[in-house]
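Read off the chains here:
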Amino acid sequence: MREITTGHDVGDRISFRGHGTHTVLYPWPDETVVSAGEGVVFRRGSKPGEPTSYTTLFMEVYPPGAAFIRGEGTTPQECEESAWARYQHALNCSDGRGSHDWEARGYRNGAGFCSRCGTFGSQVFTGEQLGQFCRICGTGTTYHWDTDKTAGTTTLLCEEHYKTHKPTCHSSHNRPLAQLLAELLDEDS
Ligand SMILES: [Zn+2]
Ligand SMILES: [Zn+2]
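Along each chain, residue indices are assigned from 1 in the same order as the chain's sequence is written. The naming scheme follows written order: chains are lettered A onward, ligands numbered 1 onward. For this predicted model, a pLDDT threshold of at least 70 governs which residues receive local features, and a threshold of 80 or more governs which side-chain atom pairs are given and counted, while totals over whole chains, interfaces and linings are taken from all residues. Only hydrogens and water are set aside when side-chain values are computed; all heavy atoms of the structure are taken into account.

Asks: What is the right way to read the coordination of the zinc ion (ligand 2) from this model?
Replies: Working reference: metal with six octahedral donors, ideal angles 90 or 180 degrees; metal with four tetrahedral donors, ideal angle 109.5 degrees. For the zinc ion (ligand 2), the full set of protein donor atoms is Cys134 (SG), Cys137 (SG), Cys158 (SG) and His161 (ND1), and the range of their distances to it is 2.0 to 2.3 Å. Only nitrogen, oxygen and sulfur atoms count as donors, using a 2.8 Å cut-off from the metal that widens to 3.2 Å for Na, K and Ca. Water is left out, so coordination shells may look unfilled. Only four donors with every angle between 85 and 135 degrees are called tetrahedral; only four or six donors with opposite donors over 155 degrees apart and all others between 65 and 115 are called square planar or octahedral, in that order; all others are irregular. For the zinc ion (ligand 2), the 4 donor atoms are set out with angles of 97 to 116° between them, so the coordination reads as tetrahedral. One chain supplies every donor for the zinc ion (ligand 2), spaced along it as C-x2-C-x20-C-x2-H. Residue Cys137 is found in the loop between helix 2 (127-130) and strand 10 (144-148), and its partner Cys158 is found in the loop between strand 11 (153-157) and helix 3 (159-165); the two are separated by 21 residues along the sequence. Secondary structure elements follow DSSP: runs of H or I no shorter than four residues count as helices, runs of E no shorter than two count as strands, and numbering proceeds from the N terminus.

Structure follows, in structure tokens:
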């Protein structure tokens with residue numbers, strides 16, 4: 001397996017940052033990229049009184065045939081078992097044509113989730129498929145978008161026209177700063 005930040009081949013021993021190393025139990029393909037450690041997960045739509053976040057060990061893998069898989073648990077072993085189960089599920093996910101059933105779920109950057117196995121894939125949709133077209137040249141694009149929340153409109157730019165027509169104000173991408181701050185403030189209260 002390969003470590004995500006360095007790209008180094010770490011064999012079957014992966015580092016859970018701050019929690020030692022873990023020898024993997026399952027035959028992950030050599031080219032699988034891995035990232036593991038402890039992290040904070042924000043809950044969406046938590047009810048009043050419920051925690052808005054939790055801390056967990058995780059193992060994230062990018063194996064061939066599945067773009068992104070994450071396993072969580074209280075031990076490195078649990079994380080790996082969860083990730084392996086998801087990986088097998090993703091590999092066996094088929095509608096008879098051997099492909100996932102991608103849904104955009106509101107993502108504008110071309111990423112999507114499979115409706116059957118939950119696998120996350122990047123660049124599974126084109127701008128044309130999402131009905132997103134550059135406002136200058138009309139080419140399908142997933143490169144850049146700006147949403148005007150008041151007007152409820154979104155304008156899109158292809159890579160080439162982003163360079164020349166870059167908006168002066170800061171754009172709201174899929175994770176606006178305001179949302180991030182709200183989450184951090186929630187955590188403190
Ligand atoms: Zn699938
Ligand atoms: Zn353009």
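Asks: Explanation requested: the packing of aromatic side chains in the structure shown.
Replies: Any aromatic ring pair is given by two values, namely how distant the centres are and how the planes are angled relative to each other. Here a pair means two rings of Phe, Tyr or Trp (six-membered ring of Trp) with centres within 6.5 Å. Their orientation is stacked below 30 degrees between planes, edge-to-face above 60, and tilted elsewhere. Considering all chains together, one arrives at 10 aromatic pairs under this definition. Residues Trp28 and Trp84 carry aromatic rings whose centres are separated by 4.9 Å and whose planes lie at 90° to one another, so their mutual orientation is edge-to-face. One end of the pair, Trp28, is in the loop between strand 3 (21-23) and strand 4 (33-42); the other, Trp84, is in helix 1 (residues 76-91), and 56 residues separate them in sequence. Aromatic rings pair up to connect Tyr62, Phe68, Tyr107, Phe113 and Phe120 into one cluster.

Asks: I would appreciate a short explanation of the sheet that holds strand 9 (residues 120-121) in the present structure.
Replies: In any sheet, the strands associate via hydrogen bonds between backbone groups, in a parallel or an antiparallel arrangement. The pairing criterion for strands is at least two bridges between them, as found by DSSP. The 3 strands are arranged 7-8-9 in an open sheet whose pairing can be described as antiparallel. Every other strand in the sheet has two partners, leaving strand 7 (102-103) and strand 9 as the edge strands with one partner each. Here strand 7 runs beside strand 8 (residues 112-114); their pairing, made up of 2 bridges, is antiparallel. When the bridges of strand 8 are listed, Glu103 appears paired with Phe113.

By themselves, these observations are geometric and do not establish any function.
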